[in-house]
Amino acid sequence: KVAEELIHVDNLIEAAVNYCGLTVQQLPSDDSLLAGALAVMDRDAEAIWISGELTASQRRFTIAHELAHWWLHSEGHICNDDCFDDSQTDHALPFSRQSMIGYSPQEKTEAEANLFAVEFLLPLPLLKRAWIEGLSTEDLICQTGLSSTVIISQLCEAVLGDSNGAPEMSEPAA
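Residues numbered from 1 in each chain as written. Predicted model: local features only at pLDDT ≥ 70, side-chain atom pairs only at ≥ 80, totals over all residues. Heavy atoms only, no water.

1. What about the environment of Leu38?
Along the polypeptide, Leu38 turns up in the loop between β1 (23–27) and β2 (39–42). Distance from Leu38 to Ser51, taken between C-alpha atoms, is 5.2 Å for residues 13 residues apart in sequence. (Helix = DSSP H or I, 4+ residues; strand = E, 2+ residues; numbered from the N terminus.)

Below, the structure is given as structure tokens:
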């Protein structure tokens, strides 16, 4: 059953941070290490500095976003409000590959980190299987610790989205 494969994002993030040898430090929003940003991935210090003003859900997504920068991008990153896209509800598929077309290099980097973060936290194939097995949005929120916005965005992509780049999922055998 897919419910047994779902990992609460706190455990997933802790394992990823430890694997990378990073530390995560919450700081007051006016701390100079944040340089006015919501989060900073500091390669030299092997740390993610994150604003203590973020909600638990925002903090989880932000750390996953910064981990994406650690794994995908060679430079350190300072991320302000414009970097994170876990709450864009007026666009049905904010994390789709198609949403990255036409951005500047910096926007593409941030969109790539957002896409990586959401796929890292709740991969489409796992979500598709969970949905087929009858898990509700509320079940997914409880089991993963993700916000309803992230789950619904991923669910829209999984169920309604264009399957370019996403593995095809067939219904599991009974």
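2. Remarks on the packing of aromatic side chains
Under the counting rule described, the total for this entry stands at three aromatic pairs. Counting every residue linked through ring pairs, the aromatic cluster contains Trp71, Phe116 and Phe120. Its guanidinium or amino end placed over the ring of Trp70, Arg43 lies 4.7 Å from that ring's centre, counting from NZ or CZ. (Phe/Tyr/Trp six-rings, centres within 6.5 Å; stacked < 30°, edge-to-face > 60°. Lys NZ or Arg CZ within 6 Å of the ring centre and 35° of its normal.)

3. Looking at the packing of helix α2 (residues 56–72) against helix α3 (residues 105–121)
Interhelical geometry of α2 versus α3 gives an angle of 115° and a closest axis separation of 8 Å. Between α2 and α3, the angle is such that the two are roughly perpendicular. As for the relative orientation of α2 and α3, their crossing is right-handed in sense. Along its contact with α2, which presents Arg60, Phe61, Ala64, His65, Leu67, Ala68, His69, Trp71 and Leu72, the element α3 presents Thr109, Glu110, Glu112, Ala113, Asn114, Phe116, Ala117, Val118, Phe120 and Leu121. (Axes fitted to C-alpha atoms, helices over the stretch in contact; angles between N-to-C directions. Parallel < 35°, antiparallel > 145°, perpendicular 65-115°, else oblique. Left-handed = near helix turned anticlockwise from the far one by under 90°. Contact = heavy atoms within 4.5 Å.)

4. Notes on the nonpolar core
Judged by nonpolar contacts, the single largest core of 36 residues is most densely connected at Leu22, Ile63, Leu67, Phe120, Leu121, Leu140 and Leu146. The leading source of residues in this core is helix α1 (residues 9–20), at six residues. Residues within four places of Phe120 in sequence aside, it is in contact with Leu12, Ala16, Ala64, Leu67 and Trp71. Among the nonpolar cores identified, the runner-up in size contains six residues, and Leu27, Leu34, Ala37 and Ala47 belong to it. (Core = buried A, V, L, I, M, F, W, Y, C linked by side-chain atoms within 4.5 Å. Buried < 20%, exposed > 50% of the residue type's maximum accessible area, 1.4 Å probe, protein only.)

5. Let's talk about the pattern of salt bridges
The tally for this structure, following the rule as stated, stands at two salt bridges. Salt-bridge contacts for Glu5 lead to Arg129; the nearest nitrogen and oxygen are separated by 2.3 Å. Placement of Glu5 in the segment before α1 and of Arg129 in helix α4 (residues 124–132) is noted, with a sequence separation of 124 residues between them. What makes Glu5 partly exposed here is its relative accessible area of 42%. Here Asp10 ties to Arg60 by a salt bridge, and the two come within 2.8 Å at their closest N and O atoms. Residue Asp10 is located in helix α1, and its partner Arg60 is located in helix α2; the two are separated by 50 residues in the primary sequence. Residue Asp10 is classed as partly exposed on the basis of its relative accessible area of 36%. (Salt bridge = Lys/Arg side-chain N within 4 Å of Asp/Glu carboxyl O.)

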